[in-house]
Amino acid sequence: MHYNGELRLPCLFPACYSAAYSILLVAVMPIILGVDPGSRITGYGVIRQQAGKVEYLGSGCIRTSGEQLSDKLKQIYDGISEIILQFKPELFAIEQVFMAKNPDSALKLGQARGSAIVAAVNAGLPVAEYAARQVKQSVVGTGAADKEQVQHMVKQLLKLPACPQADAADALAVALCHSHTQQSLIRMAGKVHGTVRGRLR
C-alpha cells in the first residue's frame, strides 16, 4: 500500500441540515475529505472550506497491492483511516458507484467504496454521496466532462501549480462538489431565515 502526497451531522445527506447547523459549519471552517474509490487505485483529496472559499490541503492515491481482493479492501480501509488521522476532516464525501459494463468491475468498485465508507463512519464522520455526473456538473459545468477537463478545473479552482493525478483530481472534485452543495444550502437557509424574521416583524 502506497500513499502520495467532534462535529457530527444529524443525517448522512446534506439536504436535511438546519440553518443554524449550516452556519455553525461555516464558523468552524470544516475540512472536507473527498474520495474516488477503486480496487486498485483510490484517490483522495482534502480541502478546507472557509468564508465561501476553498483551500487545498492535500491529495494523493492509495495504491493497493496483492492478488486477494480482501487484502486490497483492508489496505483501502487502513489508508483512509490514516488519512483521516493526518488531516482530521469533519466531513466526508465519496463518489457513488456507476453502472459499469462489466458486473465484476462494478462489484469490486462497490466493495472498495464500502471499505472507505466504513473507515469514515468508524471515525465518526458523516458521509455524503454524489453521482459522477453531479460532481462533473458542479466542478466543470457539464455532467459529460472528461477526466482532463476535471483535472483542469480542479487546478484552476484550487489554484494549484499543476494538474493533480487523475484519481486525486476526481477525489478533489468530489470534495469541491460537497463544498458547493454546502454553500448553496447555507445561502438557501439564510434566505429562509430572513423571510421568517421578516414575517415575524
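Values in this document were obtained by computation on a predicted structure and should not be read as measured data. (Residues numbered from 1 in each chain as written. Predicted model: local features only at pLDDT ≥ 70, side-chain atom pairs only at ≥ 80, totals over all residues. Heavy atoms only, no water.)

Draft legend 1. Highlighting the overall build of the protein chain. Assigned secondary structure in the protein chain consists of six helices and six strands. For the protein chain, the residues scored as buried account for 44% of the 201 residues in total. Summed over its atoms, the accessible surface of the protein chain is roughly 10500 Å², and 56% of this surface lies on carbon and sulfur atoms. (Helix = DSSP H or I, 4+ residues; strand = E, 2+ residues; numbered from the N terminus. Buried < 20%, exposed > 50% of the residue type's maximum accessible area, 1.4 Å probe, protein only. Areas by Shrake-Rupley, 256 points an atom, 1.4 Å probe, with all protein chains shown as cover.)

Draft legend 2. View of helix α2 (residues 69–87). Across its 19 residues, α2 extends 27 Å between first and last C-alpha, which sits within 8% of the 27 Å expected from 1.5 Å per residue. Among all positions in α2, only Lys72, Leu73, Gln75, Ile76, Gly79, Ile80, Ser81, Ile83, Ile84 and Phe87 are buried. Two residues or fewer past α2, lysine 88 is found with a positive phi of approximately 55°. (Expected span 1.5 Å × (residues − 1).)

Draft legend 3. Here's a closer look at the nonpolar core. Among the nonpolar cores identified, the biggest contains 21 residues, and Leu33, Ile80, Ile83 and Phe92 are the most heavily contacted of them. At the level of secondary structure, the elements contributing two or more residues to this core comprise β2 (31–36), β3 (41–50), α2, β5 (91–95) and α3 (103–122). The dominant element in this core, judged by the number of residues it contributes, is α2, at six residues. When neighbours within four sequence positions are excluded, isoleucine 83 is seen to be in contact with Leu33, Tyr44, Val46, Ile62 and Lys88. Formed by 19 residues, the second largest nonpolar core is a distinct cluster that contains Leu91, Tyr130, Val135 and Leu176. (Core = buried A, V, L, I, M, F, W, Y, C linked by side-chain atoms within 4.5 Å. Contact = heavy atoms within 4.5 Å.)

Draft legend 4. Main features of the pairing of β5. Most of β5 is tucked away, with five of its five residues classed as buried. As judged from the four bridges shared by β5 and strand β6 (residues 127–130), these two strands associate in the parallel manner. When the sheet's bridge partners are listed, isoleucine 94 is paired in β6 with glutamate 129. (Pairing = 2+ DSSP bridges.)

Draft legend 5. Molecular detail of the environment of glycine 124. With respect to the helices and strands, the residue glycine 124 is situated in the loop between α3 and β6. Owing to a relative accessible area of 15%, glycine 124 belongs among the buried residues under this scheme. In the structure, glycine 124 is positioned 34 residues away from glutamate 90 in sequence and 8.7 Å away in space, judged by C-alpha atoms.

Draft legend 6. Region of interest: the side chain of serine 115. Assignment of secondary structure puts serine 115 in helix α3. Polar side-chain contacts of serine 115 include one of 3.5 Å to the backbone oxygen of leucine 73. Beyond its immediate stretch of four places on either side in the chain, serine 115 contacts Leu73, Ile76 and Tyr77. (Polar contact = N/O pair within 3.5 Å; in protein donor to acceptor, adjacent residues only side chain to side chain.)

Draft legend 7. Spotlight on the environment of lysine 88. Within the secondary structure layout, lysine 88 lies in the loop between α2 and β5. Using a relative accessible area of 58% as the deciding quantity, one classes lysine 88 as exposed. Sequence separation of lysine 88 and valine 46 is 42 residues, and the distance between their C-alpha atoms is 9.8 Å. Leave out the neighbours within four places in its chain, and lysine 88 touches Ile31 and Ile83. At 3.0 Å, the side chain of lysine 88 and the backbone oxygen of leucine 85 are in polar contact.

Draft legend 8. Representation of the pattern of salt bridges. Scanning all chains against the criterion turns up five salt bridges. In this structure, lysine 74 engages aspartate 78 in a salt bridge whose closest nitrogen and oxygen atoms are separated by 2.6 Å. Note that lysine 74 and aspartate 78 are positioned in helix α2 at a spacing of four residues, about one turn of the helix. The residue arginine 113 makes a salt bridge to glutamate 129 at a minimum N-O spacing of 2.4 Å. Of this pair, arginine 113 sits in helix α3 while glutamate 129 sits in strand β6, and the two are 16 residues apart along the sequence. Residue classification places arginine 113 among the buried residues on the basis of a relative accessible area of 13%. Owing to a relative accessible area of 29%, glutamate 129 belongs among the partly exposed residues under this scheme. (Salt bridge = Lys/Arg side-chain N within 4 Å of Asp/Glu carboxyl O.)

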